[in-house]
Amino acid sequence: MIDWETERARLGLFAGVLPRALGSSLAARRGNPETGIPPAGCGPRQVGETAIDELFIAVNSVIRDIPPLESVEGMVARCADVADEFVRLGPAGSHRDPGAPHLLSRDRKIFGTTAFDHIDFSVDATLPASVASLDPYADGISSVRVMTKRKTGARWLIWVHGAAQGRPDDLYAFRAAHLHKKLGYDVAFPVLPAHGARRVTKVAYPGFDPLVNTIITIRAVAEIRSLITWIESHDPAEVSIAGTSLGGPIAALVASMDPRIAAVLAVVPMLDMHATLAHHMSRGGPKGEHLASLMRDDSVRRVASVISPLSVQPIAPPDRRMVVAALNDRVTWVSAAQQLHEHWGGRIHWYPGSHVGHAISTGIRHATDGFLSEPIRPAGPAEEDKRAVF
């Protein structure tokens, strides 16, 4: 994301880590009474966490492979060609129920001290006809890590990971053993396309091709909905979904498309991947500013409208929706989490730290455990035979 034509731009992103962290922490200390964002603390921990966020952004700016400007301009022009079709389809027409997965293999594995089942499967995902040929995973194998007692009547939780995750260590990062043994959930950790062992050459997600980003998101939602159908074959008592960062909007979309989801949790969600990319690229000199303007193009917004959590509403009742917002989030911003909360209603947990720092927050663990530990809501007449309707 850096304009490598100037040494100043190259060094400035790293040189500015601490000044930006301190300035951001001071601003977060004030909060924003007009928007309802509460004030955060400004101690050594808050500044340190914010510096980690800023360093994470700087390192990713250096290691990310940036296509030539002409290539990105062509990708955005391709969005303009199909934007009308996506707007016409809308979320309901873009996200179709894929039905049951085709199980390919199931192997018992151990990561550290945690035993799990690694399941590979394929999904009949339906994409808009005009762009189906662009799907880099059309013939791919999907994967999920599962911890289950293999008994009927269990509560299930699907947890969708963030960008650059999807590895076996997700089981530790998302406290799989705690969720399974202490809270009593059977848990499933799907691997998103372009992550973990599903990475393929020259495919980044999120990347600089907005149309491919949208296609992969549609596929990710279809894969998870297919998993829900598989989970239903185990006669679950309830199915909930959670998502972190990039996984937040994916979890939100699944909860809005599929009435079988009883509760949804979004942790430091990346509300709009193209707006997030644009914000960070705009720091990278003239080239970064031009790339940012391309990510903000109206055709990109129109295509990506079918994957926006703000264009849909979870089917679970408001008191079974929860957002976790980091007050000094420098990666996806506290304003994104606040927007999602305002759209959803329901609950919000304010964390006085950063995006990366949320992973070590005892307060967040207590808040999410409390949300997930609440008793199952009795099904009403309209919920007794829930089935996907899209």
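Heads up: the structure comes first, above all this text.
Residues numbered from 1 in each chain as written. Predicted model: local features only at pLDDT ≥ 70, side-chain atom pairs only at ≥ 80, totals over all residues. Heavy atoms only, no water.

## Here we look at the packing of helix 4 (residues 69–94) against helix 7 (residues 210–232)
Right, so step 1: Packing of helix 4 against helix 7 brings their axes to within 9 Å, and their N-to-C directions diverge by 25°. Judged by the angle between their axes, helix 4 and helix 7 are roughly parallel. Remark: the crossing between helix 4 and helix 7 carries left-handed chirality. Residues Met-75, Val-76, Arg-78, Cys-79, Val-82, Phe-86 and Ser-94 of helix 4 form the contact with helix 7, whose participating residues are Pro-210, Leu-211, Val-212, Thr-214 and Ile-218. (Axes fitted to C-alpha atoms, helices over the stretch in contact; angles between N-to-C directions. Helix = DSSP H or I, 4+ residues; strand = E, 2+ residues; numbered from the N terminus. Parallel < 35°, antiparallel > 145°, perpendicular 65-115°, else oblique. Left-handed = near helix turned anticlockwise from the far one by under 90°. Contact = heavy atoms within 4.5 Å.)

## So, the sheet that holds strand 9 (residues 347–351)
Right, so step 1: Taken in spatial order, the 9 strands line up as 1-2-3-5-4-6-7-8-9 in an open sheet, and their pairing is mixed. If you trace the sheet from one side to the other, it starts and ends with strand 1 (102–111) and strand 9, each paired once. For this sheet, the mean angle separating the axes of adjacent strands, direction not counted, is 20°.
Right, so step 2: Here strand 2 (residues 114–122) pairs with strand 3 (residues 142–147) via 5 bridges, running antiparallel. Following the sheet pairing, Asp-120 is matched in strand 3 by Ser-143.
Right, so step 3: Contacting strand 4 (155–160), strand 6 (238–244) and strand 7 (261–267), helix 8 (residues 247–257) crosses the sheet at an angle of about 150° to strand 6.
Right, so step 4: Each of strand 7, strand 8 (321–326) and strand 9 is contacted by helix 12 (residues 334–344), which is oriented at about 160° to strand 8, the strand it contacts most. (Pairing = 2+ DSSP bridges.)

## Regarding the packing of aromatic side chains
Right, so step 1: Applying the stated rule across the entire model yields 4 aromatic pairs.
Right, so step 2: Seen in terms of ring centroids, Phe-111 and Tyr-172 are 5.4 Å apart; in terms of plane orientation they differ by 55°. Their pairing is tilted. Note that Phe-111 is positioned in strand 1 and Tyr-172 in helix 5 (residues 170–173), a separation of 61 residues in sequence.
Right, so step 3: The exposure class assigned to Tyr-172 is partly exposed, which follows from its relative accessible area of 41%.
Right, so step 4: Taken together, a centroid distance of 5.8 Å and an interplanar angle of 85° make the contact between Trp-156 and Trp-230 edge-to-face. Placement of the pair is Trp-156 in strand 4 and Trp-230 in helix 7, with a sequence separation of 74 residues.
Right, so step 5: Accessibility expressed as a relative area gives 9% for Trp-230, which makes it buried.
Right, so step 6: Grouped by ring-pair contacts, the aromatic residues Trp-159, Phe-174 and Phe-189 constitute a single cluster.
Right, so step 7: Directly above the ring of Phe-371 sits Arg-320, whose terminal nitrogen or CZ lies 4.3 Å from the centroid. (Phe/Tyr/Trp six-rings, centres within 6.5 Å; stacked < 30°, edge-to-face > 60°. Buried < 20%, exposed > 50% of the residue type's maximum accessible area, 1.4 Å probe, protein only. Lys NZ or Arg CZ within 6 Å of the ring centre and 35° of its normal.)

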